[in-house]
Each structure stands twice: as C-alpha cells, then as structure tokens.
Amino acid sequence: MNHDEIRKICKEKNVQYIRLQFCDMLGTIKAVEIPVSKLDDALNNEIGFDGSSVEGFVRIKEADMVLHPDLDTFLILTFENNKYGNVARFICDIYRSDGKPFEGDPRYILKKEIEVFKKHGIYSVNVGFEPEFYLFKLDQNGEPTLDFSDRASYFDLTPLDGAEYVRRDIALELESLGFTVQTSHHEVGPGQNEINYKYDDVLKTCDRVLTFKQVVKVIARKHGYLATFMPKPIFGQAGSGMHTNCSIMDENGHNLFYDEKDELSLSLLCRKWISGILKHARELSLLTNPTVNSYKRLISGYEAPVYACWSDSNRSSLIRIPAAKGQATRTEVRNVDPYANPYLALAGIMAAGLDGILNIKDEKDLIKPVYDNIFALSLDEIEKLGIIHMPETLHEAILEFRKSKLLKDTLGEHTYNKYLHAKTVEWKSYHNSISQWEIDHYLN
C-alpha cells in the first residue's frame, strides 16, 4: 500500500482515529494514538514518543524515539468502531531521532535474523502459532474472577461448552480482519479454548499474534469474560501453550524440510534445524517461557514438554513432527507459551536452527528421535538416552541465558542485557514473596 491508497481508505471508511502500535521487550503492545487529521505526520514518520518510559528501551538522556509505520500492516479495527467513526492501526518500527533503527526494537531484531537467513540462501521461514487461552467470568464490578466460563473439556460442544458463542464471535471477527481461521475448539481445561489460523511468513505471523490477543481480549470482555493467556492460571488444570510450527522455503516456494526418500520424509536440513534448536533449548527457554508462571506449566502429566528431544508422534517431546507431509512438512516447537514475545522467541528459535544447519557437518552429530513416552521412563532410563531436562524454574532459565553467546549475538548487547536484568528482577521479586502455599503448610 502507498500513502494515497491509505488516505483514500481512511476517507471512504470514515476512519477518525489511528493507533500507532509497537511492542516492548516483554511483548506488551504499546501505542501512540492520533486523530486522522495527523495521518500525514504518521505517514511521513514524524510521530515521536518517550522511549525512556517503555520496558527495555532507552535511558532518559536518549529518550526521543520515532515511529515508522509499516504500511502493509494498516488495518481497520472493526471491533473498536464507535459512533464517531472507525479506528485503524499501523504496526510500527522504532527508530532513533538520528534516523537509525533502534537496536532494541523486538521487530527489528527479528528482521535482522530474517536477513541473516537470506544471506545463507534461505528465502523465507513460515510460521504458524496455536495459541490457547482461558475464559473466566467477570464479577458485577467488571473485575476478573477464577470462575470458569464452562465445565467442558476437549472438543466438547453445547451445553457443556457454555462459551462456544464467544469463541465463534472471536473467530468471525478475526476472519473480518483478514485472518484465515482454520480450526476453533474447546481445549482440555474448563473454560480453555484454542483458535488456529493459517501460517504465513515469520514477520507477518508475529504481527498477527499481537492482533489475535487484542481481538480475543476485547471480544471476551464484551461478553462478560476475562480472556487470559497466562500459561498456568489454575492448579491441577492444563496450562496454555502456543505451539510454534516452522518450515523453510526456497525462492520458488518449495518446502526445504521435505524429502520423500527419507523414512520420516524429513530432509537433512530439517534434521540439522531440529538438532540446533534442541542443542540450544535450555538457553532459549527464557525467551520461549519468559515468566515465573511459565514453569508451572512445564511439568509432567499435562502433555507439556519437559525434556529436550524430538519425535514424529510423541507429544511428550519438545519438538514434534506433525503427520502432514510435502509442502505441509514442519516442526512443531511445543514449549513456547503465549506470554513469549513472539519477535524475540522466533529470532532465538531461528538462530538456534540456523546454527544447526550451518555447523553440524557430520550426520552422526544429529540428535536422534525418541519414540518412547518420556513421562513413562525412569530418570535412569532418560539419562541413558542422553535426553536433556529443560529448566524447571525461571531462575534456572536465567542461568542458561546468561551463558548464551548465540542469544547475545542474536538479540544484540542492548536487548540481551536489558532482558536479563528484567527477568532477574522478576525472579527476585517472586523469590522474596510469601505464597499462600507456604502459609498453608508452615504457619502452624
């Protein structure tokens, strides 16, 4: 799209308000909002903001930041329209006041990794997310409770799935915004849902997951529910993940992960990609599972991966190969949760996969698949197989991240240090707090 096309759409669709969105280091959507009368200022990259007030950005003395709208992300937010007119948005890249890209912008970090792939002859990385979320009732004051929207389970329908109409309205709203919704269903936990939409190139998919979360939360609240992407909101119930499907394409659109001659239909390049991700899985976990609560989900018994291994069928594996073959051949990274910053998580996953592709020279160094149900094996059996246990706490993930040269190079020193500091503060705050569990067990 160009400037004239955007101006024309704004006039024809009665757009009165524009939101210039971006993402902070922790994955939170931020925005500067303007009336449509200031559209030309936005299109000319003249809207600034104070970067010192945003998590992971800059110090006060270098606070001036400028928003550069990505014109291809222009979208009318139909779910936010009002009596005054329509609301539209751009997703923006962050620049310094001297005209240089801001090295701490998560979107810029992912763009850099995409360019690294292209330099090595890899045209594009396709990604599809499978985000899960819970619906909880709001009280009479509009405050969230921990009462589920229903008591249903996997694939249940009305009357057990009491919030089916909420999920349907979310799916239809996503379709109206240009998403290709593929499936929508109730998940394992009561009040837990999943809506899947078609994959696309990695940057577009990361942009879309932010829009997805925004739509889910707004539509849910209109129906009197809180939608939460918290990885483990309720003890004893299934956690919410965001399984991340990846495939690599050449310039002609052929899937480089597929090899019809291989017993699993996987190319050597794909096996190197898998081995690279597993090799770096422990240090990656601070990006893929970034909160204290993330590690309450990654426990045995809930189909969440605990060990760094892969399989073509085993759902206890960190990486699973779905049954679809040919152009649909892909790797499913199963530990990622919805609280991950999608740009940083995918930059890290891509960097780890590329490390495997470039540096594994001998096939004997490839990590072999595991077909056993790992949850049914003893610790001794797991150790004999050489399977690595994933971090069990945020603190353990921090220690692994602190040693990672790969992620320091990928994120850049600025974001690497800021992110490490933020997560260390988060862990110390949690570690110093007293939980209700401790009161219940130790007070008397």
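First, a word on what this report is: a plain description of the structure on this page. Values in this document were obtained by computation on a predicted structure and should not be read as measured data.

Describing the side chain of S124
Item 1. Here S124 shows up in strand β6 (residues 124-138).
Item 2. What makes S124 buried here is its relative accessible area of 18%.
Item 3. For S124, the residues in contact, after removing those within four places along its chain, are S247, I248 and M249.

Comments concerning a negative patch on the surface
Item 1. Residues D372, D380, E381 and E383 make up a contiguous surface patch of negative charge.
Item 2. Within the fold, E381 resides in helix α10 (residues 379-384).

Overview of the packing of helix α7 (residues 281-288) against helix α11 (residues 394-402)
Item 1. Here α7 crosses α11 at 120 degrees, and the two axes come no closer than 8 Å. With respect to each other, α7 and α11 are oriented oblique. Between α7 and α11 lies a crossing of left-handed hand. Residues R282, E283, S285, L286 and L287 of α7 pack against L394, E396, A397, I398, E400 and F401 of α11.

With respect to the pairing of strand β13 (residues 307-311)
Item 1. In terms of residue burial, β13 counts as a mostly covered element, since five of its five residues are buried.
Item 2. On β13, burial covers both faces: Y307, C309 and S311 on one face and A308 and W310 on the other are all buried.
Item 3. Where β13 meets strand β14 (residues 317-320), three bridges bridge the pair, whose relative direction is parallel. By the bridge assignment for β14, Y307 is matched with S317.
Item 4. In terms of strand pairing, β13 meets strand β16 (residues 388-389) through two bridges, oriented antiparallel. Its bridge partner being in β16, Y307 is matched across the sheet by H389.

Focus: helix α6 (residues 268-279)
Item 1. The end-to-end C-alpha distance of α6 is 16 Å, a good match for the 16 Å that twelve residues give at a rise of 1.5 Å each.
Item 2. Most of α6 is tucked away: nine of the twelve residues are buried.
Item 3. Considered for burial, the residues of α6 that qualify are C270, R271, K272, W273, I274, S275, G276, I277 and L278.

Rules of the game
- Residues numbered from 1 in each chain as written.
- Predicted model: local features only at pLDDT ≥ 70, side-chain atom pairs only at ≥ 80, totals over all residues.
- Heavy atoms only, no water.
- Helix = DSSP H or I, 4+ residues; strand = E, 2+ residues; numbered from the N terminus.
- Buried < 20%, exposed > 50% of the residue type's maximum accessible area, 1.4 Å probe, protein only.
- Contact = heavy atoms within 4.5 Å.
- Patch = residues over 30% accessible without salt bridge, like charges linked within 9 Å, V, L, I, M, F, W, Y side chains within 5 Å.
- Areas by Shrake-Rupley, 256 points an atom, 1.4 Å probe, with all protein chains shown as cover.
- Salt bridge = Lys/Arg side-chain N within 4 Å of Asp/Glu carboxyl O.
- Lys, Arg positive; Asp, Glu negative; His and termini not counted.
- Charge placed at Lys NZ, Arg CZ, Asp CG, Glu CD.
- Axes fitted to C-alpha atoms, helices over the stretch in contact; angles between N-to-C directions.
- Parallel < 35°, antiparallel > 145°, perpendicular 65-115°, else oblique.
- Left-handed = near helix turned anticlockwise from the far one by under 90°.
- Pairing = 2+ DSSP bridges.
- Expected span 1.5 Å × (residues − 1).

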